[in-house]
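Below, each chain spelled out in residue letters.
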Amino acid sequence: MPDQKQADAPKRIQGASSEFVRDINRRIVLNLIRTRHPISRADLARLSGLQRSTVSLIVEQLIAEHWVLEGPTGRLPRGRRPTFLRLNDERVIIAVDIRPVQTTVAVADANGRFLSQEIMATSADPDVLMRSLTQSVERLIGGSRKKKVEGVGISVPGRYDHSADRLVFAPNLKWQDVDIRNPIARATGLEVTVENAANACVLAAVWFDRMEECRNLVVVTISEGIGTGVWANGRLVRGLNGMAGEFGHVPLDPNGPPCGCGGNGCWEVFGSNRAALRYYRESGVEPGDMTFLDLLGRADQGDKRAAKALETMARYVGRGTRMVVAGLAPERIIIVGDLTRSWHRFGPVIESEVQAQVLPGGCVPKVIPAYEDGMARLRGTVALVLQKDFGTLAL
Ligand SMILES: [Zn+2]
């Protein structure tokens, strides 16, 4: 009966559309509470542009779902006494950061505050690490019995193919084709999400560092290797098989030293922490088992060869960053890693290298150090789990 079909069609479209609008409004309100709390219903309406009645309905629903709590009553002029709303910090997330040397497992609340953590050595054998990681996650869940665990977010130093559930590229971890998600999902019954470390840092910046208004930013993580996470047009860029953002493995000199990826002269061979230690050794000092932090310390104590090695590394970080600027035209570049502890040394060199080659018509992006104590990846995994409910909507 064609007439009946025609009569039904507009109704179905209207239904889907109003549900979509409700979902967007819910995310707007939830994100405003997350970023501005404690906040009153009146301020939510003013900031969101939604009707007071719409805001009240959404808030009642969020309270019923235990996402939001009503806090103390405020005092305002003219006798108004609004009730302030805040996120329920009894909802927690298990955050995991797998790094080539050590792995951290932490419990965080929805505000990105860390409540407890365990640290373990990262075994070269993925089966060994996955076993101790699963036990640690179970232990922390057991210790959070009175709270509701939302899920597990995992940051990995490589690229994870979400469709195949496999770690496909992790040259500094030297694991291949490992399923990181399912063993933990099976053991805990929780939803587990895995993300590349640099992408996790992008989420941390957008969620917790109030950079949600920035629609184009790139995070460059510098440690044993160099990773980049790309936020373009307000979205995380993953690419085919999750492989987007591997600027660290673009060769700056095809005749350069070998790289963990099998190539030669990649950006990370010249701009990583390991590169700085190599420059120091090449200047005639045997660094032994010296770490990158030791090298920073020596430079600060007046060791000229250490300072020179760091300057060479900084110049290459800047040169590689030019590729990122030319390719993506970001508004901001956030640098994550131990080098930010000596930003007075690195910042000016990186900025001058980037400025030296901005294309005609291009803008010089702000290069910002992520001053943090190694928690960006973990905070990013908290955002990774929460974005199921909060969305990635930039406000
Ligand atoms: Zn490489």
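From a predicted model like this one, the values you see are computed outputs, not experimental measurements.

About the criteria used
- Along each chain, the written sequence defines residue order, and numbers are assigned to residues from 1.
- Totals for whole chains, interfaces and linings use all residues, but because this is a predicted model, local features are given only for residues with pLDDT of at least 70 and pairs of side-chain atoms are given and counted only at 80 or more.
- Note on pairing: DSSP must find at least two bridges between two strands before they are called paired.
- The secondary structure listing takes helices from DSSP runs of H or I that are at least 4 residues long and strands from runs of E that are at least 2 residues long, numbered from the N terminus.
- Buried, partly exposed and exposed are defined by the number of other C-beta atoms within 10 Å of a residue's own C-beta, namely 20 or more, between the two limits, and 12 or fewer respectively, with C-beta atoms placed from the backbone.
- A set of buried residues qualifies as a nonpolar core if it consists of Ala, Val, Leu, Ile, Met, Phe, Trp, Tyr and Cys joined through C-beta atoms within 7 Å.
- A pair of residues counts as a contact when their C-beta atoms, built from backbone coordinates, are within 7 Å of each other.
- Angles run from 0 to 180 degrees between N-to-C directions of axes, and those axes are lines fitted to C-alpha atoms, restricted for helices to the stretch in contact.
- A helix is expected to reach a length of 1.5 Å times the quantity of its residues less one.
- By arc we mean the arc of the directions from the helix axis to the C-beta atoms, nothing more.
- Boundaries of every domain are those given by an automatic assignment or by a domain database.
- Polar here means any residue outside two lists: the nonpolar Ala, Val, Leu, Ile, Met, Phe, Trp, Tyr, Cys and Pro, and the charged Asp, Glu, Lys and Arg; Gly therefore counts as polar.

## Observations regarding the pairing of strand β5 (residues 114–121)
Here is step 1 of the chain: Two strands pair when backbone bridges link them, and strand β4 (residues 102–109) and β5 are joined in this way by seven bridges, in the antiparallel orientation. Bridge pairing links Thr103 to Met120 in β5.
Here is step 2 of the chain: Turn length for the β4-β5 hairpin, with the two strands adjacent in sequence and antiparallel, is four residues, and the turn residue Gly112 shows positive phi of about 80°.

## Things to note about the pairing of strand β10 (residues 217–222)
Here is step 1 of the chain: Counting buried positions along β10 yields six of six residues, so the element is predominantly enclosed.
Here is step 2 of the chain: Neither face of β10 is exposed, since Leu217, Val219 and Thr221 on one face and Val218, Val220 and Ile222 on the opposite face are all buried.
Here is step 3 of the chain: As paired elements, β10 and strand β11 (residues 226–232) share six bridges and run antiparallel to each other. Following the sheet pairing, Leu217 is matched in β11 by Trp231.
Here is step 4 of the chain: Counted along the chain from β10 to the antiparallel partner β11, the turn is three residues long.
Here is step 5 of the chain: Two strands pair when backbone bridges link them, and β10 and strand β13 (residues 332–336) are joined in this way by five bridges, in the parallel orientation. Of the residues in β13, the one forming a bridge with Val220 is Ile335.

## Some remarks on the nonpolar core
Here is step 1 of the chain: Ile94, Cys201, Ala276 and Leu295 are the most contacted members of the largest nonpolar core, which has 105 residues in total.
Here is step 2 of the chain: Considering each element in turn, this core owes the most residues, 11 residues, to helix α6 (residues 197–208).
Here is step 3 of the chain: Contact partners of Leu295, with chain neighbours within four places excluded, come to Ala276, Leu277, Tyr280, Met290, Ala306, Ala309 and Leu310.

## Quick look at the sheet that holds strand β6 (residues 148–156)
Here is step 1 of the chain: Overall, mixed pairing links the five strands, which are arranged β5-β4-β3-β6-β9 in an open sheet. Of all strands in the sheet, those bounded by a partner on one side alone are β5 and β9 (192–196). Sheet twist, expressed as the mean angle between neighbouring strand axes with direction ignored, is 20°.
Here is step 2 of the chain: By the bridge criterion, five bridges tie β6 to β9 in an arrangement that is parallel. Of the residues in β9, the one forming a bridge with Val156 is Asn196.
Here is step 3 of the chain: Sheet contacts for helix α5 (residues 181–188): β6 and β9; angle to β9, the most-contacted strand, approximately 155°.
Here is step 4 of the chain: The sheet strands contacting α6 are β6 and β9, and the helix crosses β9 at an angle near 100°.

## Here's the deal with helix α11 (residues 343–355)
Here is step 1 of the chain: For α11, with 13 residues, the first-to-last C-alpha span of 17 Å sits near the 18 Å given by 1.5 Å per residue.
Here is step 2 of the chain: Buried within α11 are the following residues: Phe346, Ile350 and Val354. All buried residues of α11 lie within an arc of 55° about the axis, which places them on one face of the element. Opposite the packed face of α11, turned more than 90 degrees from it, sit the exposed residues His344 and Ser352.

## Some words on the sheet that holds strand β12 (residues 235–236)
Here is step 1 of the chain: Pairing in this open sheet of five strands is mixed, and the strands run β12-β11-β10-β13-β14 from one edge to the other. In the strand order of this sheet, the two ends are held by β12 and β14 (366–369), each with one partner.
Here is step 2 of the chain: Here β13 pairs with β14 via four bridges, running parallel. Bridge pairing in β14 links Ile335 to Pro369.

## A few points about the domain arrangement of the chain
Here is step 1 of the chain: According to the domain assignment, the chain contains domain 1 (15–87), domain 2 (91–203 + 377–390) and domain 3 (210–369).
Here is step 2 of the chain: Summarising the inter-unit geometry, the C-alpha centres of domain 1 and domain 2 are found 31 Å apart.
Here is step 3 of the chain: For the side of domain 1 that touches domain 2, the element with the most residues is helix α1 (residues 2–36), which contributes four residues.
Here is step 4 of the chain: Split into classes, the residues belonging to the side of domain 1 that touches domain 2 amount to two nonpolar, two polar and two charged.

## Focus: the environment of Ser144
Here is step 1 of the chain: Relative to the helices and strands, Ser144 resides in the loop between α4 (126–142) and β6.
Here is step 2 of the chain: Once the C-alpha coordinates of Ser144 and Ile28 are considered, the two residues, 116 residues apart in sequence, prove to be 29 Å apart.
Here is step 3 of the chain: Those residues within four positions of Ser144 in sequence are excluded, and the remaining contacts are Val92, Val107 and Val149.

## With respect to the environment of Val220
Here is step 1 of the chain: You can see Val220 is positioned in strand β10.
Here is step 2 of the chain: Overall, Val220 belongs to the buried group, with 27 C-beta atoms counted inside 10 Å.
Here is step 3 of the chain: In contact with Val220, other than residues within four places in its own chain, are Ile226, Thr228, Thr321, Ile333 and Ile335.

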